[in-house]
Structures are given as structure tokens and as C-alpha cells.
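Each chain, written out:
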Amino acid sequence: MTLSDESRQRLRKTLEDMRQEILDEVRVQIERARVKDHTGDLGDYATADMAAEYAHLFGERLRKRLHLIEDALDGIKNGDYGFCEECEEPITEKRLQLMPFALFCVHCQSAMERQAKMRGETFEEWYGTSRND
Ligand SMILES: [Zn+2]
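Residues numbered from 1 in each chain as written. Predicted model: local features only at pLDDT ≥ 70, side-chain atom pairs only at ≥ 80, totals over all residues. Heavy atoms only, no water.

**Topic: the overall build of the chain**
Part 1 of the argument: When helices and strands are counted, the chain shows 6 helices and 0 strands.
Part 2 of the argument: Each helix (α) and strand (β) of the chain, taken in turn from the N terminus, gives the series α-α-α-α-α-α.
Part 3 of the argument: Looking at the chain as a whole, 33% of its 133 residues qualify as buried. (Helix = DSSP H or I, 4+ residues; strand = E, 2+ residues; numbered from the N terminus. Buried < 20%, exposed > 50% of the residue type's maximum accessible area, 1.4 Å probe, protein only.)

Pasting the structure below:
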């Protein structure tokens, strides 16, 4: 089962919106940092690349998420989007709609969650995802 073009376009749009949200947040953070430091002009940070570069200043979580989104968008461009990185099976569309930057299928993810739990870690942090932040 592969994604239809329509689904792929919709997911791409969702990913682009998510990326925009992060970049907007980063821009606000940069503005704040600039006001606080009085360091003057940081140059033209209005482009996505510059904002991505600055994103590392503002938290691992944000940076990871941005990275996953970029990877997913690349995948859509290259036609290798929507496959589990572990078992290489297609990830279900339902799951992609909930988490368009998912790297793993539901089976592999729950296996990894179990392993992480045994090590006392939270697997979710890998994704940097949360529906309530
Ligand atoms: Zn898998």
C-alpha cells in the first residue's frame, strides 16, 4: 500500500505548516534574545536556512522536530516518504496523518518504546512530538 498523490500533497502541506510554526517560534526567540542582549543586528535571519541555524540555540526538542520535518519533506520530494526506517514497511496513512514526520511504523515504535522503558528512558523524546505543547 502506498500513499496516493493527494494524501502525499496533504501531508506535505501539513509538514510545511509545522515547519513554518517552528520557524516563526524561532524568530520570536531570536527577537527576544536580541532585545535582551542589545547585541544589535543579527543580520537577515528571515530565511528558513538562517532560522534553522539559529534553532539549535533554542532547545534540542525544537531542533530535533525541525530536523524530522525537513527529513520528511525531503522524503516526499525523493519519493521515499512513509516507510518505516526499521522494517521498511509502509507506515499507515492514519499514523502519518497524526504524525506526518513519523520514522517508524506502529510495530517498530512500540518495540522501541518497550526497550526504552527498560532503560528508563522515554522514547517519545526521540520524536520530539507531543500533541499538547
Ligand atoms: Zn517498522
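**Details of the pattern of salt bridges**
Part 1 of the argument: For the structure shown, the criterion picks out 8 salt bridges.
Part 2 of the argument: A salt bridge links Glu-6 to Arg-10, with the shortest nitrogen-to-oxygen separation between them at 3.7 Å. On the criterion of helical spacing, the pair formed by Glu-6 and Arg-10 is a turn pair, its members being 4 residues apart in helix α1 (residues 5-37).
Part 3 of the argument: Note that Lys-13 and Asp-17 form a salt bridge whose closest N and O atoms lie 3.0 Å from each other. (Salt bridge = Lys/Arg side-chain N within 4 Å of Asp/Glu carboxyl O.)

**Focus on helix α5 (residues 106-118)**
Part 1 of the argument: In this model α5 runs 19 Å from its N-terminal to its C-terminal C-alpha over 13 residues, within 8% of the 18 Å that 1.5 Å per residue would give.
Part 2 of the argument: Turning to α5, its buried residues are Cys-108, Gln-109, Met-112 and Ala-116. For α5, the buried positions fall inside an angular range of 95° around the axis, keeping them on one side. Along α5, exposed side chains directed more than 90 degrees from the buried face belong to His-107, Arg-114, Lys-117 and Met-118. (Expected span 1.5 Å × (residues − 1). Arc of directions from axis to C-beta.)

**Some details on unusual backbone geometry**
Part 1 of the argument: Positive phi, close to 65°, is recorded for Glu-88, a residue that is not glycine.
Part 2 of the argument: Tracing the backbone shows Glu-88 in the loop between α3 (60-78) and α4 (93-98).
Part 3 of the argument: Judged by its relative accessible area of 61%, Glu-88 falls in the exposed class.

**Let's talk about the coordination of the zinc ion**
Part 1 of the argument: With distances of 2.3 Å, the protein atoms coordinating the zinc ion are Cys-84 (SG), Cys-87 (SG), Cys-105 (SG) and Cys-108 (SG).
Part 2 of the argument: One way to put it: the 4 donor atoms around the zinc ion meet at angles of 105 to 116°, and that makes the site tetrahedral.
Part 3 of the argument: Within one chain, the residues serving as donors to the zinc ion are arranged as C-x2-C-x17-C-x2-C. Taken together, the residues Cys-87 in the loop between α3 and α4 and Cys-105 in the loop between α4 and α5 connect sequence positions 18 residues apart.
Part 4 of the argument: Residue class for Cys-87 comes out partly exposed when judged on its relative accessible area of 33%. (Donors = N, O, S within 2.8 Å, 3.2 Å for Na, K, Ca; no water. Tetrahedral: all angles 85-135°; square planar, octahedral: opposite > 155°, others 65-115°.)

**Digging into α3**
Part 1 of the argument: Given a rise of 1.5 Å per residue, 19 residues ought to cover 27 Å, and the 27 Å separating the end C-alpha atoms of α3 matches this to within 8%.
Part 2 of the argument: Along α3, the positions that sit buried rather than exposed are Leu-62, Arg-65, Leu-66, Leu-68, Ile-69, Ala-72, Leu-73, Gly-75 and Ile-76.
Part 3 of the argument: Downstream of α3 by a residue or two, Gly-79 has a phi angle that is positive, lying close to 80°.

**Considering the layout of surface pockets**
Part 1 of the argument: Roughly 240 Å³ of internal volume is contained in the second largest pocket.
Part 2 of the argument: Along its surface, the second largest pocket is lined by 17 residues, and Asp-71, Asp-80, Tyr-81, Phe-83 and Glu-85 are the ones closest to its centre.
Part 3 of the argument: Examining the composition of the lining of the second largest pocket, we find that 6 residues originate from one element, α3, more than from any other.
Part 4 of the argument: The residue inventory of the lining of the second largest pocket, partitioned by class, reads 10 nonpolar, 3 polar and 4 charged. (1 Å grid on protein atoms, 1.4 Å probe; cavity = no way out; pocket = protein on both sides within 12 Å on 5 of 7 lines; lining within 4 Å. Points joined across faces, edges and corners; volume = space filled by probe spheres on them. Nonpolar A, V, L, I, M, F, W, Y, C, P; charged D, E, K, R; others polar.)

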